[in-house]
Amino acid sequence: MVKLFNQLSLSDTYQECKDAYQNDKPKFLELLTQHLDLSSLIPPSFHWSYYKVLGRDRKYSLLSMLAALIFQKILGIPTISLLIVFLTLCREAREFCGLVDVPDNSQFTRFKQDYVSELENLFNHLVDITEPICQKIDPKLASTIAFDTSGIEAYVTENNPKYLNSIIRKLKHAYKDNKDIDVYKMAYGLMPSSAFANNQVKQLFINGYFCYVYKFALITNGLGIVRNITFLDDDFKSKHPEIELDKKSDSPDEDKSISDSKALKPVLTDYFNLHPDVQHHTFLGDSIFDSYATYPMLLDEFKFQKVLIPLNTRNTNRDLPPLQYDENGWPLCSKDPSRTMKPGGWTHEKGRSDRFKWLCPETKYINGKWITSCQNPCNGKPCGRMTHTSPSQDQRMYPGVIRGSEEWVSEYKIRVVVEKNIQYFKEPMACGNLKTRDNLTIKADLLLAGITQLTTVILADKINQPKYLRSLKPLIA
């Protein structure tokens, strides 16, 4: 029996490839098209602001520009140039975005810079929309928030290692005959406090190294969904003149702790003013917020039921034995518990809560100094041991949950979600290596990352798949 074979022509092969290309639409694009109505999520003010400039229809609609930029964050495309190449080659992506042709790089950049305030309004609008969804999935985790700060490294000269190395080389040459000079320490001291190209890009010590960043604060709920993004820039400082700005100290860690703790109250105030119907019962923060003033602020002013902040070991001296207290709250001498320490009066320090000072029982004020007559002082100093108490001391030790208990340990583990969210925005959503020094562009990119995550929450709710709550990457795979 003779087998018959059909000869394939180039035309047939082309037609088969064309049909497969047109019919095999990616699953995640189908889901986005069917279940995500982006136009219904955009506030009317954004429409009015976008179209009012020309008074007529634009070549690229607001919906198309937003869809393209959200699509970039979903796929983690690092640059606009690469996004343009992708949209040019992928017809399905252009159809999803509603683009007949692809905008150029400058059009995307102008869109971010001109409408950053509207992107912020859109982000806050989506926070309100997604709050009931989060409460439906897990009310406990949705009512828990974690707070942290970080920064987006800007594309400035000072972030180039060659900049620091050039200073070190000059210092080595200048002090080649003086081996006692630490040129590396001196080089860091000569680095400017802000970038020359943009004075809002500040030098900070983040993740173990010096860098020049545009700093922001992030609030994330227990589900890992972003609730607030605040940029700690000049606009934020002008909006909150009550914040006391200190001169930069020698310790970069101390600078970071002061800035973070001072930003906490105004950031939370703005957040609750923007979302008055949102209620949270648990606050999670790292030990950098551990101070007597923080706990009454969170428990009394913001009405949190539980505040989980580890004790800052820098606030205590582990070399000294812990103090005991009598029935009246007076600290007792660690060597002779039958004796109370001597009252030293109230201490009023700028930028700190009022505290009451206690002195060694053997201390006397002699020639303008406190001198103890104890032969072997606890701390080995002539003044003897001193300590402070505060009216907020009980709230610090018992902030609505017992420190070290199983409840404390299990709930504090949730705090890692805010760090994961920061890393998710920086790496998979490609906000950590932006090739720009413009703070408006950086701000817009981070807000677009938040908008993308919140639209993902809406889509996951529509398709009844909570496992896709934070990312659509499994659908792409």
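Quick note: structure is the one above.
Turning our eyes to something else, we now look at the state of the cysteines. By the definition in use, this model includes 0 disulfides. Residue cysteine 374 stays outside any disulfide, its sulfur separated by 5.5 Å from that of cysteine 360, the closest cysteine.

With respect to the helices and strands, the residue tyrosine 365 is situated in strand β9 (residues 363–366). The spatial distance from the C-alpha of tyrosine 365 to the C-alpha of cysteine 383 is 9.3 Å, given a sequence separation of 18 residues.

Attention now moves to the sheet that holds strand β7 (residues 342–347). The strand order β7-β8-β11 describes an open sheet built from 3 strands, whose pairing is antiparallel. Both edges of this open sheet fall to β7 and β11 (386–389), since each of them pairs with a single strand only. The mean angle between the axes of side-by-side strands here comes to 30°, regardless of whether they run parallel or antiparallel.

Moving on, we get to the nonpolar core. Phe46, Leu66, Phe111, Ile229 and Phe425 are the most contacted members of the largest nonpolar core, which totals 94 residues. Top element by residues in this core is helix α18 (residues 439–462). It accounts for 12 residues. Not counting residues within four places of it along the chain, the set of residues in contact with phenylalanine 111 comprises Phe46, Tyr50, Leu62, Met65, Leu66 and Leu69. Listed in part, the 25 residues of the second largest apolar core include Ile219, Leu264, Phe283 and Leu298.

With that settled, the discussion passes to unusual backbone geometry. Its identity as a non-glycine residue notwithstanding, lysine 303 has a phi of 65°, on the positive side. Residue placement: lysine 303 occurs in the loop between α14 (294–301) and β6 (306–308). Within the chain, alanine 430 stands out as a residue other than glycine whose phi angle is a positive 60°. You can see alanine 430 is positioned in the loop between α17 (416–426) and α18.

Moving on, we get to the packing of aromatic side chains. Scanning the entire structure with this criterion turns up 20 aromatic pairs. Between tyrosine 50 and phenylalanine 111, the aromatic rings sit 5.9 Å apart at their centres with planes inclined by 75°, giving edge-to-face as the arrangement. With tyrosine 50 in helix α3 (residues 44–51) and phenylalanine 111 in helix α7 (residues 105–114), the pair connects residues that are 61 residues apart, well separated along the chain. Each of the two residues, tyrosine 50 as well as phenylalanine 111, counts as buried. Taken together, a centroid distance of 5.8 Å and an interplanar angle of 40° make the contact between phenylalanine 71 and phenylalanine 86 tilted. With a gap of 15 residues between them, phenylalanine 71 in helix α4 (residues 62–75) and phenylalanine 86 in helix α5 (residues 80–89) connect regions that are remote in the sequence.

Every buried residue of α5 is listed here: Ile80, Leu83, Ile84 and Leu87. Seen end-on, α5 carries its buried residues on one side only, within an arc spanning 100°. Taken together, the buried residues of α5 touch α4, α6 (91–97) and α7.

For the structure on display, the rule yields 16 salt bridges. For aspartate 445, the salt bridge is made with lysine 73, and the minimal N-O distance between the two is 2.8 Å. Of this pair, aspartate 445 sits in helix α18 while lysine 73 sits in helix α4; the two residues are 372 residues apart in sequence, bridging distant segments of the chain. Each of the two residues, aspartate 445 as well as lysine 73, counts as buried.

About the thresholds
- Residues numbered from 1 in each chain as written.
- Predicted model: local features only at pLDDT ≥ 70, side-chain atom pairs only at ≥ 80, totals over all residues.
- Heavy atoms only, no water.
- Disulfide = S-S within 2.5 Å.
- Helix = DSSP H or I, 4+ residues; strand = E, 2+ residues; numbered from the N terminus.
- Pairing = 2+ DSSP bridges.
- Axes fitted to C-alpha atoms, helices over the stretch in contact; angles between N-to-C directions.
- Core = buried A, V, L, I, M, F, W, Y, C linked by side-chain atoms within 4.5 Å.
- Buried < 20%, exposed > 50% of the residue type's maximum accessible area, 1.4 Å probe, protein only.
- Contact = heavy atoms within 4.5 Å.
- Phe/Tyr/Trp six-rings, centres within 6.5 Å; stacked < 30°, edge-to-face > 60°.
- Arc of directions from axis to C-beta.
- Salt bridge = Lys/Arg side-chain N within 4 Å of Asp/Glu carboxyl O.

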